[in-house]
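Descriptive analysis of the structure
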Amino acid sequence: MKKISLLLIALMSLCLPIQAGVVYLDLDGNVVDQSFTTNNLYVEMYAPQQPNGVSVMIYPGGAYEWKGMTYEGSDFAPFYNNLGITVFVVSYQLPYGSSTAPLASCERFMRAAKKKATEWNINPDSIGVMGSSAGGHLASTHATAFSVDTRPAFQILLYPVISMSEELTHLQSRNNLLGSTANEQLEYQYSNELQVKDNTPMAYIALSEDDWAVPVDNSILYYKACIDHNIPAELHIFPTGGHGWGFNSFDYHDEFLKTLSDWLTNNVLNQ
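Residues numbered from 1 in each chain as written. Predicted model: local features only at pLDDT ≥ 70, side-chain atom pairs only at ≥ 80, totals over all residues. Heavy atoms only, no water.

**Some words on the environment of Phe154**
The condition is simple: We count a stretch as a helix when DSSP gives it H or I for four or more residues in a row; a strand needs E for two or more, and each element gets its number in order from the N terminus. In this analysis, two residues are considered to be in contact whenever any of their non-hydrogen atoms come within 4.5 Å of each other.
Tracing the chain through its elements places Phe154 in strand β6 (residues 154-158). Residues within four places of Phe154 in sequence aside, it is in contact with Val54, Ser55, Val56, Ser126, Ile127, Gly128, Val129, Pro201, Met202, Trp263, Leu264 and Val268.

Here it is as structure tokens:
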């Protein structure tokens, strides 16, 4: 009986989604032997068994002070891998007094990914970005202030910090990125609802109406700016969930994943 049970378990496991193991990389795409603390710079790569060439660089949130590498990062890997999407969870540079450092570290890795596209079975023109909370600010900064060779193919923003204006922003994220005495020019430069351009990539945005940390107008104004510039964008505001759900369970977890899967299928995978 024990042998039969073990056989049934083995057969059932064949029907489950299979995710490849993690590979740790530095920001230049070189394989390293181990992971690091979240304040160091590294990337976790999760490759699907049947890659379709699309990949996503995930920027976890943490108020530009720390990074939620699991629930806003690696926990999404099976979801994306089951769609054939390669995942890069980026432990980016925290500001530490330099507002340009986070984006510079992400662009550095994107350039490395493009160079290694053949080796990693990805399309260099199909690398998107995703970010949650302050990581959403970083992703939207990448989507609006990219260099000529680092334009993302798409952006996915979860309950993002968008604005640096004192009336709208998440103050801790703002102070960690810009400093508590940031001038108006710096505030304007990093208020991404004001930085959307005609070549900003298409966007999927999701948040909760009862977000207690980041005012919902951050997402609404960014969505409106995309529409005003004829950028394809989709906005989902769930009635409850608060802030910081990531891949964790909340009342609309299944609906969130369904809308994201549909958006990816219709706008990214079938293009």
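**Comments concerning the sheet that holds strand β7 (residues 202-208)**
Rules: Any two strands with at least two DSSP-identified bridges between them are counted as paired. A fitted line through C-alpha atoms serves as each axis, taken over the contacting stretch for helices, and the angle formed by two N-to-C directions is quoted from 0 to 180°.
Taking strand neighbours across the sheet as the criterion, the 8 strands line up as β1-β2-β4-β3-β5-β6-β7-β8 in an open arrangement whose pairing is mixed. On the outer flanks of this sheet lie β1 (22-25) and β8 (233-238), each paired with one strand and no other. Adjacent strand axes in the sheet meet at a mean angle of 15 degrees when their direction is disregarded. In the sheet, strand β3 (residues 55-59) pairs with strand β5 (residues 127-132) via 5 bridges, with the strands oriented parallel. Of the residues in β5, the one forming a bridge with Met57 is Val129. Strand contacts of helix α5 (residues 134-144): β3, β5 and β6, with the helix running at about 150 degrees to β5, the strand carrying the most contacts.

**Notes on the pairing of β6**
The side chains of a regular strand alternate between both faces of the sheet. Here is the rule we go by: Burial status follows relative accessibility: with a 1.4 Å probe on protein chains alone, a residue under 20% of its type maximum counts as buried, one over 50% as exposed, and anything between as partly exposed.
Within β6, 5 of the 5 residues are buried, which leaves the element mostly enclosed by the surrounding structure. Both faces of β6 are covered, namely the face carrying Phe154, Ile156 and Leu158 and the face carrying Gln155 and Leu157. Of the strand pairs in this sheet, β5 and β6 are connected by 4 bridges, and their pairing is parallel. Residue pairing for β6: Ser132 is matched across the bridge by Leu158.

**Focus: the state of the cysteines**
The cut-off we apply is this: When two cysteine sulfur atoms lie within 2.5 Å, the pair is treated as a disulfide.
All chains considered together, the criterion is met by 0 disulfides. Distance from the sulfur of Cys106, which forms no disulfide, to the nearest cysteine sulfur (Cys226) is 19 Å. Judged by relative accessible area, which is 0%, Cys226 ranks as buried.

**Let's talk about the pairing of β8**
Bridge count between β7 and β8: 6 bridges; the pairing is parallel. Counterpart to Ala203 in the pairing with β8 is Ala233.

**Some remarks on α5**
For α5, a buried count of 11 out of 11 residues is recorded, marking the element as mostly surrounded by other parts of the structure. Taken together, the buried residues of α5 touch β3, α3 (101-115), β5, β6, α6 (171-178) and α8 (217-228).

**Overview of unusual backbone geometry**
Phi is positive for Tyr64, close to 55 degrees, though the residue is something other than glycine. Within the secondary structure, Tyr64 is located in the loop between β3 and α2 (77-81). The exposure class assigned to Tyr64 is buried, which follows from its relative accessible area of 4%. Of note, the phi angle at Asn121 is positive, near 60 degrees, even though the residue is not glycine.

**Here's the deal with α6**
Inclusion rule: Regarding the arc, it is the one traced by the directions from the helix axis to the C-beta atoms.
Taken residue by residue, α6 has Ser173, Arg174, Leu177 and Leu178 as its buried positions. One side of α6 carries all its buried residues, which in axial view fall inside an arc of 100 degrees. Backbone geometry just downstream of α6 places Gly179 in the positive-phi region, at approximately 90 degrees.

**Structural notes on the packing of aromatic side chains**
Heads up, the rule is: Aromatic rings from Phe, Tyr and Trp, with only the six-membered ring used for Trp, were paired whenever their centres fell within 6.5 Å, and each pair was classed as stacked if the ring planes differed by under 30 degrees, edge-to-face if by over 60, and tilted otherwise. Note on geometry: a ring has a charge over it if NZ (lysine) or CZ (arginine) is within 6 Å of the ring centre and within 35 degrees of the ring normal.
The tally for this structure, following the rule as stated, stands at 17 aromatic pairs. Note on Tyr24 and Tyr42: the rings are 6.3 Å apart at their centroids and 55 degrees apart in plane angle, and the pair reads as tilted. With Tyr24 in strand β1 and Tyr42 in strand β2 (residues 42-46), this residue pair connects regions lying 18 residues apart in the sequence. Among the aromatic residues, those joined into a cluster by ring pairs are Phe76, Phe79, Tyr80, Tyr159, Phe238, Trp245, Phe247, Phe250, Tyr252 and Phe256. The positively charged end of Lys67 is found above the aromatic ring belonging to Tyr92, 5.2 Å away from the centroid.

**So, the pattern of salt bridges**
Condition: We count a salt bridge whenever a side-chain nitrogen from Lys or Arg sits within 4 Å of a carboxyl oxygen from Asp or Glu.
Counting across every chain of the model gives 6 salt bridges. Linking Asp28 and Arg108 is a salt bridge whose minimum nitrogen-to-oxygen distance equals 2.9 Å. Here Arg108 lies in helix α3 and Asp28 lies in the loop between β1 and β2, a separation of 80 residues in the sequence. Taking the shortest distance from any N to any O, the salt bridge between Asp149 and Arg111 comes out at 2.8 Å. Of the two residues, Asp149 is situated in the loop between α5 and β6 and Arg111 in helix α3; the sequence distance between them amounts to 38 residues. Residue classification places Asp149 among the partly exposed residues on the basis of a relative accessible area of 34%.

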